[in-house]
Amino acid sequence: MLKIINVVGARPNFMKIAPLMDEMKKHARIRPILLHTGQHYDDKMSDVFFEELRISKPDIYLGVGSGSHAEQTAKVMMEFERVALQERPDLIVVVGDVNSTLACSLVAAKLLIPVAHVEAGLRSFDRTMPEEINRLVTDSLSDYLFTTCEEANKNLQQEGISEEKIFFVGNVMIDTLMKNIERIKSRDTLEKLGLAGRAGLADRAGPAARDFAVLTLHRPGNVDVKETFRDILGALDELQTKIKIVFPIHPRTTKQLKEFKLWEMAKGMKNLMLIDPLGYIDFLSLVSQAKLVMTDSGGLQEETTVLGIPCLTLRENTERPITVSEGTNVVVGMNKDRIIQEGLKILNGAGKMGQRPKLWDGKAATRIMNILIEQLGLVHRLGYSVVS
Ligand code: UD1
């Protein structure tokens, strides 16, 4: 039996691990273990994703919770080391770029346990982003690096990572999106949110009829700096006079709005609809019917590209440039006037259409498993035949 520990910690990890776990379960001689570090712990940030994506309950829960970067990373490392020594897995699989990804890779590498990093090689070249540090360190320690685009392969090669370790396989997050697309399309999210007048308009009358925008914000660079956050809110204040903006708020963002005494300003905007974070299906249902998405999330840039929804990224850079060169994304920064200008362009019908990047076809997890089986010598050891 091959024992594989699959690590998740924060919201964007869950939709990436789901197709990998499904794929592993198809193999009788692989024992996948799901480990949740507990970096995200609220029902709305964690449990709801397990239910909606039908992911089995974690086999191991570390319960580390929130803290400074050092505290959180150290807590995951200490707890994960104990588990890794006890379980002695043959491989650990980490996804994305959150603190849990970095912490578990570091522990495994020191215990000489091979590490597979799914979504390797993405670079914003901006080391003020904690995720960029996590990506750089995780990739430098990983034995198998699975990438979503050819540019990521180039980034890794430029950092001196040997070509034999790098595999361009596509995008596991898009596997999950494609698997759930029918549920997403038929979900009554707009009715539930009281946007029912808008429900179904997109499907019946095309993009011109879509009459709401979706906003997400949670990056420290945006919500932990009062002036930047106020500037973004200033832009929203203007745009919400033209279109309703639905804003599912991340807990960090709620905290910062209150801390900076900007809560009243946000509340005062008649057409800015502040709601709790949504589960996976509801959120994608909302996004798939929107006229415009504004975000500082990484994953949402990819999901909007595949759904063909224009996206404005409220950051100075992106580690996912393929969503700009091929998809629907425009990186607009945090300047109030620029956000308004680019937002109005889309409202006037000039949003990018884009195309789906190569290998974002719903089969990334299958490719990853086939490669792992081959690379780990399982074809020989366990008598496997690999189906491509
Ligand atoms: C983390 C990831 C980020 C990812 C994001 C998705 C890192 C460095 N950052 O950022 O890459 O895009 O998740 O959401 O790993 N909180 C709650 N309930 C929760 C979780 C968090 O209230 O279940 C609050 C706490 O006040 C906490 C704060 O949110 O201090 C930040 O949480 P944390 O996990 O440190 O970072 P995120 O901003 O969520």
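Structural notes, computed from the coordinates. (Residues numbered from 1 in each chain as written. Predicted model: local features only at pLDDT ≥ 70, side-chain atom pairs only at ≥ 80, totals over all residues. Heavy atoms only, no water.)

1. Some details on the pattern of salt bridges
Reasoning step 1: Across all of its chains, the model carries 25 salt bridges by this definition.
Reasoning step 2: Its salt-bridge partner being Glu-119, residue Lys-16 comes within 3.1 Å of it at the nearest N-O pair. Linking Lys-16 in helix α1 (residues 11-25) with Glu-119 in the loop between β5 (115-118) and α5 (130-141), this pair joins segments that are 103 residues apart in sequence. As far as the burial class goes, Lys-16 and Glu-119 line up, both buried.
Reasoning step 3: Across the pair Arg-123 and Asp-139 runs a salt bridge, and its minimum N-O distance is 2.9 Å. One end of the pair, Arg-123, is in the loop between β5 and α5; the other, Asp-139, is in helix α5, with 16 residues separating them in the sequence.
Reasoning step 4: Overall, the relative accessible area of 2% leaves Arg-123 in the buried class.
Reasoning step 5: Residues participating in the shared-partner salt-bridge network are Lys-16, Asp-97, Glu-119, Glu-132, Arg-135, Glu-302, Arg-315, Glu-319 and Arg-320. (Salt bridge = Lys/Arg side-chain N within 4 Å of Asp/Glu carboxyl O. Helix = DSSP H or I, 4+ residues; strand = E, 2+ residues; numbered from the N terminus. Buried < 20%, exposed > 50% of the residue type's maximum accessible area, 1.4 Å probe, protein only.)

2. Quick notes on helix α13 (residues 251-259)
Reasoning step 1: Residues of α13 that are buried: Thr-253, Thr-254, Gln-256 and Leu-257. Mapping the buried residues of α13 onto a view down its axis gives an arc of 165 degrees, with all of them on the same face. Of the exposed residues in α13, the ones pointing more than 90 degrees away from its buried face are Lys-255 and Glu-259.
Reasoning step 2: Immediately downstream of α13, the backbone of Lys-261 shows phi near 55 degrees, a positive value. (Arc of directions from axis to C-beta.)

3. Section: the pairing of strand β4 (residues 91-95)
Reasoning step 1: In terms of residue burial, β4 counts as a mostly covered element, since five of its five residues are buried.
Reasoning step 2: The alternating pattern of β4 places Leu-91, Val-93 and Val-95 and Ile-92 and Val-94 on opposite faces, both of which are buried.
Reasoning step 3: Direction of pairing for strand β1 (residues 2-8) relative to β4: parallel, over a ladder of three bridges. Residue pairing for β4: Ile-4 is matched across the bridge by Leu-91.
Reasoning step 4: Bridge count for β4 against β5 is four bridges, and the pairing is parallel. Paired with Val-93 across the two strands is Ala-116, which belongs to β5.
Reasoning step 5: The β-α-β motif built from β4, the intervening helix α4 (residues 99-110) and the parallel element β5 has right-handed crossover chirality. (Pairing = 2+ DSSP bridges. Right-handed = clockwise from strand over helix to strand, strands pointing away.)

4. Observations regarding the pairing of β5
Reasoning step 1: Side chains Val-115 and His-117 project from β5 onto one buried face, and the interleaved Ala-116 and Val-118 project onto a second face that is buried too.
Reasoning step 2: With three bridges joining them, β5 and strand β6 (residues 144-147) adopt parallel strand pairing. By the bridge assignment, His-117 is partnered in β6 with Leu-145.
Reasoning step 3: The β-α-β motif built from β5, the intervening α5 and the parallel element β6 has right-handed crossover chirality.

5. What about the sheet that holds strand β9 (residues 244-248)?
Reasoning step 1: A sheet is described by the order of its strands in space; here six strands give the open sequence β10-β9-β8-β11-β12-β13, paired in parallel fashion. Single-partner strands in this sheet number two, and they are β10 (272-275) and β13 (329-331). Across the sheet, the axes of successive neighbouring strands diverge by a mean angle of 20 degrees, strand direction being ignored.
Reasoning step 2: As paired elements, strand β8 (residues 212-216) and β9 share three bridges and run parallel to each other. Bridge pairing links Val-214 to Val-246 in β9. (Axes fitted to C-alpha atoms, helices over the stretch in contact; angles between N-to-C directions.)

6. Digging into the site of the ligand
Reasoning step 1: Taken together, the neighbourhood of the ligand is formed by 19 residues, with His-40, Asn-99, Glu-131, His-218 and Arg-252 sitting nearest.
Reasoning step 2: Interatomic distance of 2.8 Å between a side-chain N/O atom of Gln-39 and an oxygen atom of the ligand.
Reasoning step 3: Between Arg-252 and the ligand, the recorded distance is 2.8 Å, taken from a side-chain N or O atom to an oxygen atom.
Reasoning step 4: The fraction of the free accessible surface of the ligand (740 Å²) that becomes covered by protein chains is 89%.
Reasoning step 5: Looking at the shell around the ligand, the elements that each hand over two or more residues are α3 (69-87) and α13.
Reasoning step 6: Per element, the largest residue contribution to the shell around the ligand is three residues, and it comes from α13.
Reasoning step 7: Each residue belonging to the shell around the ligand can be placed in one class, and the counts come to six nonpolar, eight polar and five charged. (Near = heavy atom within 4 Å. Polar contact = N/O pair within 3.5 Å; in protein donor to acceptor, adjacent residues only side chain to side chain. Areas by Shrake-Rupley, 256 points an atom, 1.4 Å probe, with all protein chains shown as cover. Nonpolar A, V, L, I, M, F, W, Y, C, P; charged D, E, K, R; others polar.)

7. What to know about the nonpolar core
Reasoning step 1: In terms of nonpolar packing, the biggest core is built from 64 residues, with Leu-20, Val-93, Phe-146, Tyr-280, Leu-286 and Leu-372 touching the most fellow members.
Reasoning step 2: Here this core gathers at least three residues from each of two domains, domain 1 (2-171 + 360-381) and domain 2 (182-347).
Reasoning step 3: Beyond its immediate sequence surroundings of up to four residues, Val-93 is in contact with Ile-4, Ile-5, Asn-6, Val-7, Ile-17, Leu-20, Met-24, Ala-116 and Val-118.
Reasoning step 4: With 31 residues, the next largest nonpolar core counts Ala-235, Phe-260, Leu-262 and Ile-339 among its residues. (Core = buried A, V, L, I, M, F, W, Y, C linked by side-chain atoms within 4.5 Å. Domains from an automatic or database assignment. Contact = heavy atoms within 4.5 Å.)

Shape descriptors only; they carry no functional weight alone.
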